[in-house]
Amino acid sequence: NAGVTQTPKFQVLKTGQSMTLQCAQDMNHEYMSWYRQDPGMGLRLIHYSVGAGITDQGEVPNGYNVSRSTTEDFPLRLLSAAPSQTSVYFCASSYSDGTAYEQYFGPGTRLTVT
Amino acid sequence: GQSLEQPSEVTAVEGAIVQINCTYQTSGFYGLSWYQQHDGGAPTFLSYNALDGLEETGRFSSFLSRSDSYGYLLLQELQMKDSASYFCASSGYSTLTFGKGTMLLVSP
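Residues numbered from 1 in each chain as written. Chains lettered and ligands numbered in written order. Predicted model: local features only at pLDDT ≥ 70, side-chain atom pairs only at ≥ 80, totals over all residues. Heavy atoms only, no water.

> I'd like to hear about the interface of chain B and chain A, residue by residue, with values.
Much of the literature gives interface size as the accessible area that the parts lose upon coming together. Residue-level contacts link 20 residues of chain B with 21 residues of chain A. Carbon and sulfur atoms make up 61% of the surface buried where chain B meets chain A, a total of about 1600 Å² over both sides. Remark: the boundary between chain B and chain A carries 0 salt bridges. Taken together, the links from chain B to chain A amount to 6 residue pairs in polar contact (both at pLDDT 80 or more). Those elements that place two or more of their residues in the side of chain B that touches chain A are β4 (31-37), β5 (44-49), β9 (84-92) and β10 (95-98) of chain B. (Contact = heavy atoms within 4.5 Å. Buried area = accessible area lost by both parts, 1.4 Å probe. Salt bridge = Lys/Arg side-chain N within 4 Å of Asp/Glu carboxyl O. Polar contact = N/O pair within 3.5 Å; in protein donor to acceptor, adjacent residues only side chain to side chain. Helix = DSSP H or I, 4+ residues; strand = E, 2+ residues; numbered from the N terminus.)

Next comes the structure, spelled out in structure tokens:
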């Protein structure tokens, strides 16, 4: 099992560019989520999905879109990158029992927007 | 809204015991999770308390008091490899809200 994989590991964007961060899991988890982590801020939930075709907003959704067409994949799209989106992005997955208390995290994507 | 408070940094020596506290103010609270993160790597799950009391997993234990909106992570027989950031996180319906993290520095 590869667990949760994320690509790319590092990315530099110019302001206004768009891109998609990829996330995949091979554990057949129904629940998947995206977080961003900024220095001293902990992890903040961007979007989450409780199953294919179902997505919802987290704490900081503005500027990001998601879709969930399969159980395995949960891509995060930055529509028009801004310097404030410079961060480390983590994707996670979990069994869906309504609590999401135990999540398995990917290695992260380090994004810089100039 | 949801908020969790934990100390920003704790220091201890090898072999010692350290307690990392977490107080929370959340709605729709299901339980309290703890995660460990080494140097910007992937966070990893340590423990979860849905009910009041102590849960023990090897050298790590976690405690929850719902009436006090308080929990803690207890690390025993500290090792150098325990130097990391530790996050408490409140579990709600399909969401996990994280505290800002406590950096634990273990010295020889």
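> I'd like a rundown of the sheet that holds strand β1 (residues 3-5) of chain B, residues and numbers included.
Residues and elements named next belong to chain B. In spatial order, the strands read β1-β3-β8-β7-β6; together these 5 strands make up an open sheet with antiparallel pairing. This sheet does not close on itself; its edge strands, each paired only once, are β1 and β6 (53-57). For this sheet, the mean inter-axis angle between neighbouring strands, taken without regard to orientation, is 20°. The sheet contact formed by strand β3 (residues 18-25) and strand β8 (residues 70-75) spans 6 bridges and is antiparallel. Following the sheet pairing, I20 is matched in β8 by L73. (Pairing = 2+ DSSP bridges. Axes fitted to C-alpha atoms, helices over the stretch in contact; angles between N-to-C directions.)

> I'd like to hear about the packing of aromatic side chains, residue by residue, with values.
Applying the stated criterion across every chain, the model contains 16 aromatic pairs over all chains. Residues F105 of chain A and F98 of chain B carry aromatic rings whose centres are separated by 6.3 Å and whose planes lie at 75° to one another, so their mutual orientation is edge-to-face. Within this pair, whereas F105 of chain A is found in strand β10 (residues 104-105), its partner F98 of chain B is found in strand β10, the two belonging to separate chains. When its relative accessible area of 10% is taken as the criterion, F105 of chain A is described as buried. Measuring from ring centre to ring centre gives 5.7 Å for Y35 of chain B and F45 of chain B, while their planes differ by 70°; the resulting arrangement is edge-to-face. Taken as a pair, Y35 of chain B in strand β4 and F45 of chain B in strand β5 lie far apart in primary sequence, 10 residues in all. Every member of this aromatic cluster is reached through a ring pair, and the members are Y35, F90, Y101 and F105 of chain A together with Y35, F45, Y48, F87 and F98 of chain B. (Phe/Tyr/Trp six-rings, centres within 6.5 Å; stacked < 30°, edge-to-face > 60°. Buried < 20%, exposed > 50% of the residue type's maximum accessible area, 1.4 Å probe, protein only.)

> Describe the pattern of salt bridges, naming the residues involved and giving the relevant values.
Counted under the stated rule, the structure contains 3 salt bridges over all chains. Between R36 of chain A and D38 of chain A there is a salt bridge whose closest N-O contact spans 3.0 Å. The partner of R59 of chain B in a salt bridge is D82 of chain B, and the shortest N-O contact between them spans 2.8 Å. Highlighted residues: R59 of chain B in the loop between β6 and β7 (60-65) and D82 of chain B in the loop between β8 and β9, separated in sequence by 23 residues.

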